[in-house]
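Residues per chain are reported as follows:
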Amino acid sequence: MQLQYREELCIGCGDCAAACPHGVHTLSGGAHQAEFSLCRACGACAAACPSGALNLLGRTISPREAMKAALRDRRFYGEDGGVTFSGGECTMQPEFLLEALALCREASLHTAVDTCGLVSADVLDRAARLCDLFLYDIKAVTPDVHRAGTGADNGLILENYKRLLAQGKRVWVRVPVIGGFNASREEMESIARFLHANPGAEQIELMPYHRLGIGKYAQIGRPAPQDAERIVSHEQLQSYFESFRRLGLPVRGAEKGRSV
């Protein structure tokens, strides 16, 4: 669990400082200060905060509790909606994922699993029997590029992608496009060739790096990354889009005016 502080909601009442047993919160001249390194995520401050400026993010729930939440929103799913399991990496909690998928199937809810593919074949196969759609990340196909950017080898990831296609599963591929990592013509064309050689994805989406969550770093007491070089221009993205389209791949995400 993680403490979140939203400065714009704080009324400077000091209730959090009085409630916290670890000395995380102080008031100086009516201004709130938080020393996040002292936080033990006990939740006392969040419970005492009258304005909602403090929240404890994350909690442990059972698959059946998750199912109850999904069913509350069922009326909004329409014909194309359903339940998506993401993360983080949802396959890192396989028991929870598989039980929740089974419950969704019993309730006739459409399901999608959002995964990086770094998962055992056994867990993947068991999920595939219960899941309607996979949202599958392919970040790089060149092993050295993938290892440098993620710290992991991509052999299993690419094999698992082929495994899903061989089982006839519905797959949407998402390719994050990140400067300083995979946003080069060479790597984008390598990804396109791999997908062309292993056809079957219903759609392929190019997803450029963005900074929409940058404000959340301060809310959890962490420094924001210096990541301007990660952003790719629309012109770059369009050129990568063309590389995929030339091979007849069902690519989307670089249309003019579209924000991904």
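Thresholds applied
Residues numbered from 1 in each chain as written. Predicted model: local features only at pLDDT ≥ 70, side-chain atom pairs only at ≥ 80, totals over all residues. Heavy atoms only, no water. Helix = DSSP H or I, 4+ residues; strand = E, 2+ residues; numbered from the N terminus. Contact = heavy atoms within 4.5 Å. Areas by Shrake-Rupley, 256 points an atom, 1.4 Å probe, with all protein chains shown as cover. Lys, Arg positive; Asp, Glu negative; His and termini not counted. Charge placed at Lys NZ, Arg CZ, Asp CG, Glu CD. Expected span 1.5 Å × (residues − 1). Buried < 20%, exposed > 50% of the residue type's maximum accessible area, 1.4 Å probe, protein only. Arc of directions from axis to C-beta. Core = buried A, V, L, I, M, F, W, Y, C linked by side-chain atoms within 4.5 Å. Phe/Tyr/Trp six-rings, centres within 6.5 Å; stacked < 30°, edge-to-face > 60°.

Caption draft 1: Highlighting the overall build of the protein chain. Secondary structure assignment for the protein chain yields 10 helices and 10 strands. A principal-axis box enclosing the C-alpha atoms of the protein chain has dimensions of 65 × 45 × 35 Å. For the protein chain, restricting intrachain contacts to residue pairs at least 6 apart in sequence, the fraction spanning at least 24 positions comes to 66%. Looking at the protein chain as shown, the accessible area adds up to about 14,200 Å², and 51% of this sits on carbon and sulfur atoms. Seen as two clouds, the 29 positive and the 30 negative side-chain charges of the protein chain have centres 3 Å apart.

Caption draft 2: Representation of helix H7 (residues 155–166) within the structure. Here H7 is 12 residues long and its end C-alpha atoms lie 17 Å apart, about the 16 Å a rise of 1.5 Å per residue gives. Here H7 has its buried residues at Ile157, Leu158, Asn160, Tyr161, Leu164 and Leu165. Looking straight down H7, one finds that the buried residues subtend no more than 160° of arc, so they occupy a single side. Looking at the buried residues of H7, the elements they touch are helix H5 (121–128), strand S7 (133–137), helix H6 (143–150), strand S8 (170–177) and helix H8 (185–197). Just beyond H7, the residue with positive phi is Gly168, at close to 75°.

Caption draft 3: Looking closely at the environment of Arg74. Relative to the helices and strands, Arg74 resides in the loop between helix H3 (63–72) and strand S5 (83–85). Overall, the relative accessible area of 36% leaves Arg74 in the partly exposed class. Setting aside its immediate chain neighbours within four residues, Arg74 contacts Ala107, Ser108 and Leu109.

Caption draft 4: The arrangement of the nonpolar core in detail. Ranked by internal contacts, the top residues of the largest apolar core, which has 50 residues, are Tyr161, Leu195 and Phe244. Among the elements that take part in this core, helix H4 (residues 94–106) stands out by supplying 6 residues, more than any other. What Leu195 contacts, discounting residues up to four positions off in sequence, is Ile138, Tyr161, Val173, Ile204, Phe244 and Leu249. Counting residues in each nonpolar core, the second largest holds 11 residues, with Cys20, Val24, Phe36 and Cys49 among its members.

Caption draft 5: How the structure looks around the packing of aromatic side chains. With the rule as written, the count across this model stands at 2 aromatic pairs. Ring centres of Tyr136 and Tyr161 lie 5.6 Å apart, and the angle between their planes is 50°; on these two criteria the pair is classed as tilted. Residue Tyr136 is located in strand S7, and its partner Tyr161 is located in helix H7; the two are separated by 25 residues in the primary sequence. Each of the two residues, Tyr136 as well as Tyr161, counts as buried. Each ring, one from Tyr161 and one from Phe194, has its centre 5.8 Å from the other, and the planes form 45°; the classification is tilted. On the criterion of sequence distance, the pair formed by Tyr161 in helix H7 and Phe194 in helix H8 is long-range, its members being 33 residues apart. No difference in accessibility class separates Tyr161 from Phe194, as the two residues are buried.

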